[in-house]
Amino acid sequence: MEIIRSFLRMQEKTASIKNAGQTIGFVPTMGALHLGHLALLEQSKTENDFSVVSIFVNPTQFNNPEDLINYPRTIDSDLEKLETAGCDFVFLPSVDEMYPTEVVSEKWNFGFLEMVMEGKNRPGHFQGVATVVKRLFEAVPSHKAYFGMKDYQQLLIIKEMVKQLGLDIKIVPVSIVREADGLAMSSRNLRLSAKNRQIAPHIYQTIKQVVTLAKQLSVEELKQFVNEQINQKPPMVLEYFELADGADLQPVTNIVDHQSVMAFIVVDLGGVRLIDNISIF
Ligand code: PAF
C-alpha cells in the first residue's frame, strides 16, 4: 500500500494507471475508519483493478467548529486497517494541499436537495462537501467512487454535483453496515459513552417499526410515534424524523403517491449526532 500526500503525485499516479488501461475505484473518507468504510473498499476492490482511499477531515463541511475539533482522528489504526484490507493507495493530503488559497467553500446551487434535513439543519454543510469532493475527484479522477447510503442526502448531492460538472465518474451507493445490535456504523459512535452506546440501537429499532406501521398509520401519526419513542429514552433527543421521496427528497404527505419512500432520522445522544435511514419501499 502506497501513501500519497501530494495532490500532484496523486493525479500522476491515477493518470498512469488509466493510461495503462486499468480501472480505479475511489473511496473518499474522513478517517476513523470502521467496517462501513471497509465495505466501500471491498466493493471497489471487486469492481476495479486499483482502489484509492482518501483520508481528509474537511474543515469546510463542519458548520459547528466544536464538531470539527471533536471529530475522531485515528490515523495509525486507519492505515493498519487499510493495509490489512488490501487497499492499493491512500491519499492523505494536508489542508494546504486541498485548499491552496483559502479554506472556504465554492458556491453551489443544489436547489431543493439542499433545503431539507441535513442541508437545512447544518447550513453550509453540503457546500463544503461538494467543494472537497470536487477537489478530491480532481486528484483522483477515478472510474467509480463509492459512498455509503447512511449519508443518503450527501449521496444525492454528490450525484447532482457530478451531473452539473459533467464528470465521467460513476457514483456507486453502498448499503448501510450495522453493528450486530442494529446501530448504523459511524465514526461518531466512538464518542458515545458506554451507557449511551447501550441505548443507541433504539434508533434503528424505531425506524424498523416505522416500516411496518407505514402500512396502517398516516405520515403525521408515524411522526408522532417516532417522536414519542425517541424522546421517551433520555438523553436521546429527536432532531428530526422525515419521510421523503427516495429520488428527490420531496416531503411525503401521502405514502401511496410515491414510487419510493425513505425515512430519515437524526438523534442527539449526549452531544453525539447520530444519523440513520431506512427504505419504506
Ligand atoms: O462522508 C464523508 O466521510 C465525507 O462527507 C466525505 C464524502 C469524505 C467528504 O469529506
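Throughout what follows, the structure given in this document is the object of discussion. (Residues numbered from 1 in each chain as written. Predicted model: local features only at pLDDT ≥ 70, side-chain atom pairs only at ≥ 80, totals over all residues. Heavy atoms only, no water.)

1. A word on the overall build of the protein chain
Inclusion rule: Numbering of helices and strands starts at the N terminus; helices are DSSP runs of H or I of at least 4 residues and strands are runs of E of at least 2. As defined in this context, the radius of gyration uses C-alpha atoms, and a globule is described by 2.2 Å times the residue total to the power 0.38. Only protein chains enter the accessibility calculation, which uses a 1.4 Å probe. A residue is then buried if its area is under 20% of the maximum for its type, exposed if over 50%, and partly exposed in between. What makes two residues a contact is simply this: any of their non-hydrogen atoms within 4.5 Å. In short, Shrake-Rupley with a 1.4 Å probe defines the accessible areas, and a residue's cover is counted only from the protein chains shown. Neither His nor the chain ends contribute to the count of charged residues, in which Lys and Arg are positive and Asp and Glu negative. The atoms used to mark charge sites are NZ of Lys, CZ of Arg, CG of Asp and CD of Glu.
A tally of regular secondary structure across the protein chain gives eleven helices and nine strands. In terms of overall dimensions, the protein chain is globule-like: its C-alpha atoms have a radius of gyration of 19 Å, near the 19 Å expected for 281 residues. On the principal axes, the C-alpha backbone points of the protein chain span a range of 55 × 40 × 35 Å. Relative to its full complement of 281 residues, the protein chain shows a buried share of 52%. Partitioning the intrachain contacts of the protein chain with sequence separation of at least 6 by distance along the chain shows that 71% fall at a separation of at least 24. Carbon and sulfur atoms make up 51% of the accessible area of the protein chain, which totals about 13,100 Å². Averaging the locations of the 27 positively and 34 negatively charged side chains of the protein chain gives two centres separated by 2 Å.

2. Quick notes on the site of the ligand
We apply this condition: Whether a residue is near a molecule or strand depends on its heavy atoms: it is near if one of them lies within 4 Å of it. Pairs of N or O atoms are called polar contacts if they sit within 3.5 Å, as long as, within protein, a hydrogen donor faces a hydrogen acceptor (for residues adjacent in sequence, only side-chain-to-side-chain pairs).
As a matter of local geometry, the ligand sits amid Pro28, Thr29, Met30, Asn58, Gln61, Val132, Phe147 and Gln154. The contact in question runs from an oxygen atom of the ligand to an N or O atom on the side chain of Gln61, over 2.6 Å. Interatomic distance of 2.7 Å between a side-chain N/O atom of Gln154 and an oxygen atom of the ligand. Summarising the interface, the protein chains cover 89% of the accessible area of the ligand, which totals 280 Å² for the free molecule.

3. Considerations on the pattern of salt bridges
Threshold: A pair is scored as a salt bridge if a Lys or Arg side-chain nitrogen falls within 4 Å of a carboxyl oxygen belonging to Asp or Glu.
Per the counting criterion, the structure on display carries 15 salt bridges. Residue Glu118 is joined to Arg122 by a salt bridge in which the shortest nitrogen-to-oxygen separation is 3.9 Å. Looking at Arg122, the relative accessible area reads 9%, which means it is buried. A salt bridge links Asp181 to Arg197, with the shortest nitrogen-to-oxygen separation between them at 3.0 Å. Pair noted here: Asp181 is in the loop between strand 6 (170-174) and helix 9 (194-199) and Arg197 is in helix 9, with a separation of 16 residues, a long-range link. Take Arg197: its relative accessible area is 24%, and that puts it in the partly exposed class. Via salt bridges that share partners, Asp67, Glu118, Arg122, Arg188, Arg191, Glu239 and Arg273 belong to a single interconnected network.

4. Re the packing of aromatic side chains
Here is the rule: Geometry of aromatic contacts follows a simple scheme: Phe, Tyr and Trp rings, the Trp one being its six-membered ring, pair when their centres are within 6.5 Å, and the pair is stacked under 30 degrees between planes, edge-to-face over 60, tilted otherwise. For a lysine, the NZ atom is tested; for an arginine, the CZ atom; a charge sits over a ring if that atom is within 6 Å of the ring centre and within 35 degrees of the ring normal.
Counting across every chain of the model gives seven aromatic pairs. Ring geometry for Phe50 against Phe89: centres 6.1 Å apart, planes inclined by 45°, an arrangement best described as tilted. Separated by 39 residues along the polypeptide, Phe50 in strand 3 (residues 50-55) and Phe89 in strand 4 (residues 89-91) bring together distant segments of the chain. The partly exposed category is assigned to Phe50, whose relative accessible area is 23%. Ring geometry for Phe62 versus Tyr71: centroids 5.5 Å apart, planes at 75°, classification edge-to-face. Overall, Phe62 belongs to the buried group, its relative accessible area being 9%. Members of the aromatic cluster, joined through ring pairs, are Phe26, Phe137 and Phe147. Here the guanidinium or amino end of Arg135 rests over the ring plane of Phe7, the centre of that ring lying 3.8 Å away.

5. Section: the sheet that holds strand 7 (residues 236-245)
Cut-off, in case you're wondering: Strands pair, by our definition, only if DSSP identifies at least two bridges between them. Lines fitted to C-alpha atoms define the axes here, with helix axes fitted over just the stretch in contact, and angles between the N-to-C directions of these axes take values from 0 to 180 degrees.
The three strands are arranged 7-8-9 in an open sheet whose pairing can be described as antiparallel. Only two strands of the sheet have a single neighbouring strand rather than two, namely strand 7 and strand 9 (272-279). Direction aside, neighbouring strands of the sheet carry axes that sit 15° apart on average. In the sheet, strand 7 pairs with strand 8 (residues 261-269) via nine bridges, with the strands oriented antiparallel. Among the inter-strand pairings, Met236 is bridged to a residue of strand 8, identified as Leu269.

6. Thoughts on helix 11 (residues 219-231)
The test is simple: Multiply 1.5 Å by the residue count of a helix minus one, and that product is the helix's expected span. Summarising the geometry, the arc corresponds to the directions from the helix axis toward the C-beta atoms.
Given a rise of 1.5 Å per residue, 13 residues ought to cover 18 Å, and the 18 Å separating the end C-alpha atoms of helix 11 matches this to within 8%. Of all the residues in helix 11, the buried ones are Val219, Leu222, Phe225, Val226, Gln229 and Ile230. All buried residues of helix 11 project into a common sector of 120° when viewed along the axis, lining one side. Taken together, the buried residues of helix 11 touch helix 10 (202-213), strand 7 and strand 8.

7. A few points about the side chain of Thr29
Turning to its location among the elements, Thr29 is positioned in strand 2 (residues 24-29). Owing to a relative accessible area of 6%, Thr29 belongs among the buried residues under this scheme. Here Thr29 is in contact with His37, Val53, Ser54, Ile55 and Phe56, once residues within four sequence places are set aside.

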